[in-house]
Structure formats: structure tokens, C-alpha cells
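Take a look at the letters that make up each chain.
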Amino acid sequence: MSEIITQTNDTINFSSLGIENNFVENLKKNGITEPTTVQEKVIPAVASGKHILFKSETGTGKTLAYLLPLLQLIDKEDNSKKEVKLLIAAPTYELASQIKIQLQAISDKKAMLCIGGSPIKRQLEQLKDKPEIIIGSSNRILELIHLKKLKTAAIKAFVLDEADRLLAPELRDDTCALLERLPFQVQIIGCSATVSKYTQKTLEKAAVEAKRKHAKSENRTLTAEEEATSIELIFMPPEDVLQKHIQHWALFAERRDKISTLRSFLYAVKPEKLIVFSSRTDQVENIASQLRYKKIECSVLHSKTDKVERKSAIDRFRSGKTKILITSDLASRGLDIPNITHVIQMDLPENEDFFIHRAGRTARAGKEGINIVIGDGIEMERYAKLEKKLHIKVYPKVLYFGKLTTPEEVGEIEPEDSNDD
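This one's a predicted model, so the numbers in the text were calculated from it and none came from an experiment. (Residues numbered from 1 in each chain as written. Predicted model: local features only at pLDDT ≥ 70, side-chain atom pairs only at ≥ 80, totals over all residues. Heavy atoms only, no water.)

Colleague: What am I meant to see in the overall build of the protein chain here?
Modeller: The secondary structure content of the protein chain amounts to 16 helices and 16 strands. Rg of the C-alpha trace for the protein chain: 23 Å, near the compact-globule value of 22 Å for 421 residues, within the 12% margin. With respect to the three principal axes, the spread of C-alpha positions in the protein chain is 80 × 50 × 40 Å. Counting the 421 residues in the protein chain, one finds 52% classified as buried. Counting contacts in the protein chain only where the partners sit at least 6 residues apart, residues at least 24 apart contribute 73% of the total. (Helix = DSSP H or I, 4+ residues; strand = E, 2+ residues; numbered from the N terminus. Rg over C-alpha atoms; globule rule 2.2 N^0.38 Å. Buried < 20%, exposed > 50% of the residue type's maximum accessible area, 1.4 Å probe, protein only. Contact = heavy atoms within 4.5 Å.)

This is the structure we're talking about:
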């Protein structure tokens, strides 16, 4: 494995990266005229056919970094025979759906979602329409392959979007089994905002194991060159989105008072677009129920929400029909909704990666945002440690007579009636 970290060149544009005019024009229609730093580095690497694993912060344009060169690749294939040529695995319905939306904004290639938990009969019908791109969960894609309804012989590239999640112990076996059923020469591309050594080693090992199984089926052994499968690492220098573009606030509340504190915050700040995170599914429903009791409209999203309700919740939030989305960590990864002004974390997750992914739902595409933790004494102690570890600055806030302020300014505020009855 090798690591690439180079400086950006201000003169680079999509055309100079080899992206053809039809894609450049479609990008312009969507308000995208210049490549991001990660796109500058990744597009040429993917176009060259290398196996790569790249890491870049949330909101930096990872999806287009791999989509653009791969769409061009399959454009150059023999299109007289409609077969699946590109496979993209994603850990959640929301991320898979988001990838499909971005794809359809720049290409007319036929793509379909294959997600576990959705009716398989409908997906079998959609496969009859000969899609060239499949986006979905590893387990459902595997199921369709086992049923011999999804043929893999023409697949040129396999993308693991949120590779660290797909290769975590609970999803790893399905992801590796899927890789084993793809063609010997398939190009492997992984990406995430957080990539561990474990993810790197697991992906490289899975790639070699897949080749060994192919070779065994052909009654041969791998050559030394084939055994040395190399997955190149592209780790982008931090753009410091977490430090430079997101304000971090701490709002103390005892556990029993957290929801009333959230409600008071909403009355005081009136955020334009807000995601509220809780680690527990039952707490997501509890928060939503208590807000609705106070006539505060919100949408709900968690792992037990069925697909129709999940899509409806996201659509309402994306369109602005509801300004508040209450969710579990299901939505912290890959959900790219513009103009989210605030993120509230109703608990501090044990895994700092979850904190990063949650906070990264705001301040996307160069904008500014605010991340707030509503926590008790123990969580505030942990938040202080996280502040040092992540090199962020956390500002304490208090709610006082219906206003959000700093502890130092409390005495300067004139009492007034609160709307939080």
C-alpha cells in the first residue's frame, strides 16, 4: 500500500481531470463548476483502474469523486448489451438513495436500489429492466446473486461507500462474500470520512481471498504478482471542517431534563434546519412524541422505521416541510441534505467517529454550522476530553429567561416571559 498526500493545483478543473463535456455540463446544471480537493486526487486514480481506499472529511464530495470516472468507464463499454457494470455497496438505505440521486443528476444510466428489508419481488421485477448500476446493501445484493437473478460477469468496479462501516464485524462477512462473487479483475474502490488500520487490512485481505477462491475454482494458484494485491491509500489532508466551519456548543442538562432543554432551545434559537441525534431508538420516538405534544412538528428516522416512512421523513425534511429531523445514528453517515444549520446530540456517543459523522451533517459544501451537545455532568467531562483530542473549541451555553447565552452574560439579560409553557 502507498499513501498519496499532495497539494492542490488551483488551475485544475473537471475537463483537465479528463471528465468529458457531457458530464461537465450536467455538473454545471447542478451548480458544480470546480472540483473539490478530494475529487482532484481521486478522479485520476479511479480512472487509471487502481484499487484505492480514500479518506476525506464529510461534505467534501467523495461520491462524485468515484462516480464521475466510473460512469465514464462504463460509457465506453459495449452498450448494446445491457448488463450490470457497476456495483455500489452502502450500509444504509438513506446513503444508497443519496448516491442514486447524485448519479441521476449527472447521468441517464439506468440505476436501481437493492436494499434488504424492501420487498424482493419488486426488485426482481426491476432487474428485468436491465439496469447497468446497482446500489444497495451487501446482504440483498448477495441474495439476488444466489437466486441467479443478478449476473456479475460484466461488473467492472465495486465501490464500498462508507467502507469502515461495511467492513465492521456486523457487516464484514456479507461484504467479503459479495466481493468473492465478483469478477477476478474487478476494480475495488473504498471511501469514508474515517478509515482505520483495521479497515485497510480487512479490505486488502478480502481482495486477496477473493482472488484465491477464483484461482481455486480454475484449478490454479495465484502468481506472486496476483498475491500482492495492492490497494492504494489516498488520505486527504484535513480541511478542518470540524474545527474551522463548525461551532461546538455545550448545553448542560440532567438526563431527566434533556427533552425540556431541547424544547427550550428550539423556542430560543428557532433553528432554520435541525437534526437531533439520539443513540437509542426508543428515545428517538420519545423525543418526537414530546415535541409533537407541544405542537412542534418534526420527522422521525431510525432503524425500525419502514422504508416508505423513512423516505417520506427525509423528503419532508429535505423539502423544508419539516424543519426538524429526530434520528438515531442511522442518518449520521452519508445523509447529504443541504442547509442544515444546527445539529443537536442528545447524548455523547462512545465512539468518537459517530460524534464526527453526526457533527458533519452541518457545514457541508463550504458552509458554516453549529453542533450542540446536550449532556449531563459525566457527558460534559467526556466532551472536554474530546475537545482536546479533536482540537476543537467548545463554548458553554445556558438557557436563561428564554434566551440562549453564555454563563458570563447571564446577569446582563433582562427577564422576560418564556414561550416554553
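Colleague: Looking at this structure, I do not really get helix α15 (residues 352-359). What am I missing?
Modeller: Regarding α15, the residues found buried are Phe355, Ile356, His357, Arg358 and Ala359. The opening residue of α15 is Asn351, an N-cap whose side-chain oxygen sits 2.8 Å from the backbone nitrogen of Asp353. (Polar contact = N/O pair within 3.5 Å; in protein donor to acceptor, adjacent residues only side chain to side chain.)

Colleague: Looking at this structure, I do not really get the pairing of strand β2 (residues 52-55). What am I missing?
Modeller: Sheet faces and side chains relate simply in a regular strand, where the side chains alternate between the two faces. Here four bridges tie β2 to strand β7 (residues 187-192), and the two strands are oriented parallel to one another. Residue pairing in the sheet places Ile52 in a bridge with Ile189 of β7. Of the pairings in the sheet, the one linking β2 to strand β8 (residues 232-235) comprises four bridges and is parallel in character. Its bridge partner lying in β8, Ile52 is registered against Glu232. (Pairing = 2+ DSSP bridges.)

Colleague: Could you clarify how one ought to interpret the sheet that holds strand β10 (residues 274-277) in this entry?
Modeller: Within a sheet, neighbouring strands are paired by backbone hydrogen bonds and run either parallel or antiparallel to one another. One open sheet accounts for eight strands, arranged β11-β12-β10-β13-β14-β9-β15-β16; its pairing is mixed. Sheet topology places β11 (299-301) and β16 (403-405) at the edges, where each strand pairs with a single neighbour. Ignoring which end each strand starts from, the neighbouring axes of this sheet average 25° apart. Bridge analysis of β11 against strand β12 (residues 324-327) gives three bridges, and the strand direction is parallel. When the sheet's bridge partners are listed, Ser299 is paired in β12 with Leu325. (Axes fitted to C-alpha atoms, helices over the stretch in contact; angles between N-to-C directions.)

Colleague: Looking at this structure, I do not really get the environment of Ala365. What am I missing?
Modeller: Among the structural elements, Ala365 can be located in the loop between α15 and β14 (369-375). Taking the C-alpha atoms as reference points, Ala365 and Ile106, separated by 259 residues in sequence, lie 18 Å from one another.

Colleague: Before we go on, may I ask you to explain unusual backbone geometry in this structure?
Modeller: What you tend to see is this: most non-glycine residues have negative phi, and most peptide bonds are trans. Even without glycine at this site, Lys295 takes up a positive phi of about 65°. The exposed category is assigned to Lys295, whose relative accessible area is 76%. Even without a glycine there, the phi angle at Asn339 is positive, about 65°. Structurally, the position occupied by Asn339 is in the loop between β12 and β13 (342-345). Among the residues examined, Asn339 registers a relative accessible area of 45% and is labelled partly exposed.

Colleague: I keep staring at the packing of helix α3 (residues 62-75) against helix α4 (residues 93-106) and nothing clicks. Help me out?
Modeller: Between two packed helices, both the angle of their axes relative to each other and the distance between the axes serve to describe the pair. Look at α3 against α4: their axes get within 11 Å of each other, and the N-to-C directions meet at 50°. Taken together, the axis directions place α3 and α4 in an arrangement best described as oblique. Read as a crossing pair, α3 and α4 show a hand that is right-handed. Counted together, Thr63, Leu64, Tyr66, Leu67, Leu68 and Leu71 of α3 and Ile99, Gln102, Leu103 and Ile106 of α4 form the full contact between these two elements. Class assignment of the residues belonging to the contact of α3 with α4 gives a composition of eight nonpolar, two polar and no charged. (Parallel < 35°, antiparallel > 145°, perpendicular 65-115°, else oblique. Left-handed = near helix turned anticlockwise from the far one by under 90°. Nonpolar A, V, L, I, M, F, W, Y, C, P; charged D, E, K, R; others polar.)

Colleague: What should I look at first to understand the nonpolar core in this one?
Modeller: General note: in soluble globular proteins, nonpolar side chains tend to be found buried as a group. By size, the foremost hydrophobic cluster in this structure holds 41 residues, and its most contacted members are Phe54, Tyr66, Leu68, Ile88, Ile133, Ile135 and Ile189. Examining the composition of this core, we find that eight residues originate from one element, α3, more than from any other. Ile135 has contacts with Ile88, Ala96, Ile99, Lys100, Leu103, Ala111, Met112, Leu113 and Cys114, leaving out every residue within four places of it along the chain. (Core = buried A, V, L, I, M, F, W, Y, C linked by side-chain atoms within 4.5 Å.)

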